[in-house]
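As a plain string of letters, each chain reads:
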Amino acid sequence: PDAIVFTSASTVRYFCEMVDRTWFTGRSCVVCIGPVTAAEAQKQGLQVDLMPAEPNAESLVASLASFYQTQSAANVGQAVSTF
């Protein structure tokens, strides 16, 4: 997956209980809606790649769009790996 988005600390915990992290570590952008969720992700051993300035859906979507626009611009003319 391109991104895994967490909107609460409990979703981080449940996800980490159910999923083998090796299938997405280094392959996906880990996104947390706010600092509490990010802290739980880090506690679970995940590297948080993106957290919006404001912990709400609108800011989350804007941050993701900006992140991928930047990534896309950086990859112009380069081969892109898919998993």
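Structure: above.
Rules used in this analysis
Note that residues are indexed from 1 along each chain, following the sequence as it is written. It should be noted that, the model being predicted, local features are given only for residues of pLDDT at least 70 and side-chain atom pairs only at 80 or more, the latter also being counted only at that level, while totals for whole chains, interfaces and linings use all residues. Processing note: side-chain calculations cover all non-hydrogen atoms of the structure and skip hydrogens and water entirely. Working definition: a disulfide is two cysteine sulfur atoms within 2.5 Å of each other. The term salt bridge refers to a side-chain nitrogen of Lys or Arg lying within 4 Å of a carboxyl oxygen of Asp or Glu. By the criteria applied, helices consist of DSSP H or I runs no shorter than four residues and strands consist of E runs no shorter than two, each listed in order from the N terminus. Each residue's exposure class comes from its accessible area (1.4 Å probe, protein chains only) as a fraction of the maximum for that residue type: buried when under 20%, exposed when over 50%, partly exposed otherwise. Put simply, buried Ala, Val, Leu, Ile, Met, Phe, Trp, Tyr and Cys residues joined by side-chain atoms within 4.5 Å make one nonpolar core. Here, residues are in contact when the closest pair of their heavy atoms is within 4.5 Å. Centres within 6.5 Å make a pair out of two Phe, Tyr or Trp rings, where for Trp the six-membered ring is used; the pair is then stacked when the planes are under 30 degrees apart, edge-to-face when over 60, and tilted otherwise. The axes are straight lines fitted to the C-alpha atoms, using for helices just the contacting stretch, and the angles between their N-to-C directions are given from 0 to 180°. Our angle categories are set so that under 35 degrees counts as roughly parallel, over 145 as roughly antiparallel, 65 to 115 as roughly perpendicular, and the remainder as oblique. Put simply, a crossing is left-handed when the front helix is turned counterclockwise from the back one by less than a right angle, and right-handed when it is turned clockwise. The residue classification treats Ala, Val, Leu, Ile, Met, Phe, Trp, Tyr, Cys and Pro as nonpolar and Asp, Glu, Lys and Arg as charged. All others, Gly included, are polar.

Observations regarding the state of the cysteines
- Throughout the structure, instances matching the rule amount to 0 disulfides.
- For the unlinked cysteine Cys-29, the closest cysteine sulfur is that of Cys-32, found at 9.5 Å.

Describing the pattern of salt bridges
- Overall, the coordinates contain 1 salt bridge when judged by the stated rule.
- Glu-40 is the salt-bridge partner of Arg-13, the closest N and O atoms lying 3.6 Å from each other. Of this pair, Arg-13 sits in helix α1 (residues 9-18) while Glu-40 sits in helix α2 (residues 35-43), and the two are 27 residues apart along the sequence.
- Judged by its relative accessible area of 33%, Arg-13 falls in the partly exposed class.

Re the nonpolar core
- Membership of the largest hydrophobic core is limited to 11 residues, which are Ile-4, Phe-6, Val-12, Phe-15, Cys-16, Phe-24, Val-30, Cys-32, Ala-38, Ala-41 and Leu-46.
- When residues no more than four places from it in sequence are discounted, the contact partners of Leu-46 are Phe-6, Val-12, Cys-16, Arg-21, Phe-24 and Ala-41.
- The next biggest cluster of nonpolar side chains, apart from the first, holds 6 residues, and it includes Val-31, Ile-33, Leu-50 and Leu-64.

Quick word on the packing of aromatic side chains
- Counting across every chain of the model gives 2 aromatic pairs.
- Ring geometry for Phe-67 against Tyr-68: centres 5.0 Å apart, planes inclined by 90°, an arrangement best described as edge-to-face.
- Using a relative accessible area of 22% as the deciding quantity, one classes Phe-67 as partly exposed.

Observations concerning the packing of α1 against α2
- Where α1 contacts α2, the two axes come as close as 8 Å, and the packing angle between them is 25°. By the angle between their directions, the pair α1 and α2 is classed as roughly parallel. Regarding α1 and α2, the two cross each other, and that crossing is right-handed. Contacts from Ala-9, Val-12 and Arg-13 of α1 reach α2 at Val-36, Thr-37, Glu-40 and Ala-41.
- The class makeup of the residues in the contact of α1 with α2 is 4 nonpolar, 1 polar and 2 charged.

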